[in-house]
Amino acid sequence: MTQQATTHIATIEGEYNLSNYEAIRDSFEWSDAKALLSAAKTGKINAAYETIDRHVDEGYGDKIALHYINDDEKRSYTFKEVKDQTDHYARILRENGVTKGDRVFVFLPKTPECYIAILAVIKVGAIAGPLFEAFMEEAVRDRINDCDGTLLITDQELVKRVPKDDIPSLEKILFVEDIEKEPLQPVDGDEYIEWVDWENGLIIHYTSGSTGKPKGVLHAHRSAQHHIVTGKWVLDIKDDDVYWCTSHPGWVTGSVYGLFAPLLNRATVVIQGGRFSAENWYSLIEELGVTIWYSAPTAFRMLLSKGDLYKQYDLSSVRHVLSVGEPLNPEVIQWAWNSLNVRIHDTWWMTETGGHLIVNLPAEKIKPGSMGRPFPGVQVGILDEEGNELPHGEVGQLAVRTPWPGLMKEIWGNKDKFKSYFQYEGWYISGDLALQDEEGYVFFQGRNDDMINSAGERIGPFEVESKLIEHPAVEEAGVIGKPDQLRGELVKAFITLRSGHEESDHLLEDIRLYVRKNLSAHAAPREIEVMDELPKTKISGKILRRQLKALEIERANKVKN
Ligand code: PRX
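Residues numbered from 1 in each chain as written. Predicted model: local features only at pLDDT ≥ 70, side-chain atom pairs only at ≥ 80, totals over all residues. Heavy atoms only, no water.

**A short note on the sheet that holds strand β25 (residues 527-530)**
Then comes step 1: The three strands are arranged β23-β24-β25 in an open sheet whose pairing can be described as mixed. Every other strand in the sheet has two partners, leaving β23 (474-484) and β25 as the edge strands with one partner each. Neighbouring strand axes in the sheet, compared pairwise and without regard to direction, differ in orientation by 25 degrees on average.
Then comes step 2: The sheet contact formed by β23 and strand β24 (residues 488-497) spans ten bridges and is antiparallel. The residue bridging valine 479 from the neighbouring strand is alanine 493, located in β24.
Then comes step 3: Taken strand by strand, helix α15 (residues 461-468) contacts β23 and β24, and its axis lies near 140 degrees from that of β23. (Pairing = 2+ DSSP bridges. Helix = DSSP H or I, 4+ residues; strand = E, 2+ residues; numbered from the N terminus. Axes fitted to C-alpha atoms, helices over the stretch in contact; angles between N-to-C directions. Contact = heavy atoms within 4.5 Å.)

**Section: the pattern of salt bridges**
When the charged atoms of two side chains lie near each other, side chains of opposite charge can form a pair.
Then comes step 1: Summed over all chains, the structure comprises 51 salt bridges.
Then comes step 2: The partner of lysine 213 in a salt bridge is aspartate 142, with the nearest N and O atoms 2.9 Å apart. Of this pair, lysine 213 sits in the loop between β7 (201-207) and β8 (215-220) while aspartate 142 is found in helix α7 (residues 137-146), placing the two residues 71 residues apart along the sequence. (Salt bridge = Lys/Arg side-chain N within 4 Å of Asp/Glu carboxyl O.)

**A look at the site of the ligand**
Then comes step 1: With respect to spatial proximity, 18 residues lie near the ligand, and among them Asp346, Thr347, Thr351, Asp432 and Arg458 are the closest.
Then comes step 2: At 3.4 Å from a nitrogen atom of the ligand is found a main-chain nitrogen or oxygen belonging to glutamate 326.
Then comes step 3: When the ligand is considered free in solution it has 550 Å² of accessible area, and contact with the protein chains removes 96% of it.
Then comes step 4: Where the shell around the ligand is concerned, the elements lending two or more residues are α10 (252-264), β13 (344-348) and β20 (442-447).
Then comes step 5: Looking at the shell around the ligand residue by residue, the classes come out as eight nonpolar, five polar and five charged. (Near = heavy atom within 4 Å. Polar contact = N/O pair within 3.5 Å; in protein donor to acceptor, adjacent residues only side chain to side chain. Areas by Shrake-Rupley, 256 points an atom, 1.4 Å probe, with all protein chains shown as cover. Nonpolar A, V, L, I, M, F, W, Y, C, P; charged D, E, K, R; others polar.)

**Describing the UniProt feature "domain: AMP-dependent synthetase/ligase" (unreviewed entry) in the protein**
Then comes step 1: UniProt records the feature "domain: AMP-dependent synthetase/ligase" (unreviewed entry) for residues 58-412 in the present numbering.
Then comes step 2: Segment residues 58-412 splits into 28% helix and 23% strand. End C-alpha atoms: 36 Å apart. (UniProt positions renumbered as here; feature names shortened; annotations may be inferred.)

**Details of the sheet that holds β20**
Then comes step 1: One open sheet accounts for four strands, arranged β16-β17-β19-β20; its pairing is antiparallel. The strands lining the two open edges of the sheet, one partner per strand, are β16 (380-383) and β20. Averaged over all pairs of adjacent strands, the angle between their axes in this sheet comes to 50 degrees, without regard to strand direction.
Then comes step 2: Alignment of strand β19 (residues 427-436) against β20, held across five bridges, turns out to be antiparallel.

**Concerning the domain arrangement of the protein**
Then comes step 1: With domains assigned, the protein is organised as domain 1 (3-436) and domain 2 (452-560).
Then comes step 2: When each unit is reduced to the centre of its C-alpha atoms, the spacing between domain 1 and domain 2 is 31 Å.
Then comes step 3: At the interface, 24 residues of domain 1 touch 24 residues of domain 2.
Then comes step 4: On the domain 1 side of the contact with domain 2, Met136, Glu138 and Ser208 bury the most area, a combined 27% of that side's loss.
Then comes step 5: Here domain 1 and domain 2 share two salt bridges between them.
Then comes step 6: The residue glutamate 352 makes a salt bridge to arginine 458 at a minimum N-O spacing of 2.9 Å.
Then comes step 7: Elements that contribute at least two residues to the side of domain 1 that touches domain 2 include exactly α7 and α12 (297-304).
Then comes step 8: When the residues that make up the side of domain 1 that touches domain 2 are grouped by side-chain class, the tally is nine nonpolar, nine polar and six charged. (Domains from an automatic or database assignment. Buried area = accessible area lost by both parts, 1.4 Å probe.)

**Thoughts on the packing of aromatic side chains**
Then comes step 1: Counted under the stated rule, the structure contains 22 aromatic pairs.
Then comes step 2: A centroid spacing of 5.2 Å and a plane angle of 80 degrees characterise the contact between phenylalanine 28 and tryptophan 30, whose relative ring orientation is edge-to-face. Here phenylalanine 28 and tryptophan 30 have matching classes, each one buried.
Then comes step 3: When the ring of tryptophan 244 is compared with that of tryptophan 293, the centres are 6.1 Å apart and the planes differ by 5 degrees; the resulting orientation is stacked. Taken together, the positions of tryptophan 244 in strand β9 (residues 242-245) and tryptophan 293 in strand β11 (residues 292-295) put the pair 49 residues apart, joining distant regions of the chain.
Then comes step 4: Accessibility expressed as a relative area gives 0% for tryptophan 244, which makes it buried.
Then comes step 5: We classify tryptophan 293 as buried; its relative accessible area is 3%.
Then comes step 6: These aromatic residues form a ring-pair network of at least three members: Trp244, Phe276, Trp281, Trp293 and Phe300.
Then comes step 7: It is lysine 34 that lies over the ring of tryptophan 198; its NZ or CZ is 4.6 Å from the centre. (Phe/Tyr/Trp six-rings, centres within 6.5 Å; stacked < 30°, edge-to-face > 60°. Buried < 20%, exposed > 50% of the residue type's maximum accessible area, 1.4 Å probe, protein only. Lys NZ or Arg CZ within 6 Å of the ring centre and 35° of its normal.)

Okay, here's the thing in structure tokens:
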């Protein structure tokens, strides 16, 4: 058994929405979560209604829903204003022929317009396809093409990265600049809302695996049950909270816990534009009085590396901090505890799971190094290669009993891929390795495949390799995640060169930029190493990524010793 940390971080005294984990775990049914939605009474759902309009109907129209901050620019919107704005966008979508089930993409920076556009798409019953703002042409094209997106909402800047001629299904592009110019025509009721079935498509997120192109993970409106209850118990949202999730809605954390879960719970949500800077982040917390903060280990490590900088800011408003996406190292938890006087609550879930599954709740002790315990209603299993459950303390495949409301509905156009997650009867297989201790705490032990996780972002090695070999100098490529102190892993490419090409710094930089420009910045290899030959399987000649990874780990160990 792997050695685990033995020191616990005790609970900070306080009133939490969920105060007794054991009691709730034993009695909770997902229908209890459904009861939190107004749709439970009417039988008709629209997740955008539940997120925004419902609060206006219940008398909270004047409450601030969104604060936007980007350098000197600041704007705030009440729930009523967000309702009017989403109605406005929804009207324009309808006028442009959007109907239930259409795939409508949103390619915008982290701005209120991005959140409003996503909600408007959902209002009219269409499926929202949010795209991360740093995507380049190929990433944009592959995603819209895969699910035949018919309409795109973007701006004059990002449209430069949309290769329209290569996307035959795309009938229209709407620009926020134009939408904003049209006069508002506020309505009181639900004129623009398409009431749908719980199984109707809600949002599609593309995510990478170890093979092939990114896959379209489709979620249904039923996920709102999962979002609302985890927002209440894990995010611990109360009415006076100012909530900030640092992720862009193009990633599932940014949509589910940056948009749906907090707004379903009527929080005031902060949207921060621009890039990461420790100074900006700390001053944002101080200025807006952020109380709940959801981010990722790489970001916390970047703040930690700034040493005492935090002392220059008043961060006392922060009462609850959460983390997701990659292993949260105990040193970071200790740093936050010692310097900021807060506990960081790790959470585990995936694009495919649509919501939290393993969590650290604010009223429970934290075991640094653990991702927490199963959310009420969730049963975790650690399975061997035959699908049998392993005893406590043994490392195996991290699996979850099906179903639960946030679980993906399908992988767009790829039934085989969808089935591959459910190869053992009654279980969802995550692809992660983990162990669970006697008290139910789950400890992450790595991936069971070649997927790369750099700064919490999932990167498929195949995608990067395919792009690399398009470069005229590259013959073959094998891409791995190299262990890295700051980012968890960094993307490293091993390549062989075509004859006639000589290795040089200039050439390697050219290759790196080629991936960066055509695929995306986060997937571009930070390191490229030229080899005479890549290791391959004898029979099929497949590149052995695991051998390349083993080589890197061996080198790192040599340096340490
Ligand atoms: O390997 C796990 C890692 O991120 C993967 C899911 O990535 P993605 O779909 O992009 O979703 C990220 C956020 C929902 C998982 O299979 N991962 C996620 N959370 C953790 C984690 N690894 C370690 N600790 C976590 N808390």
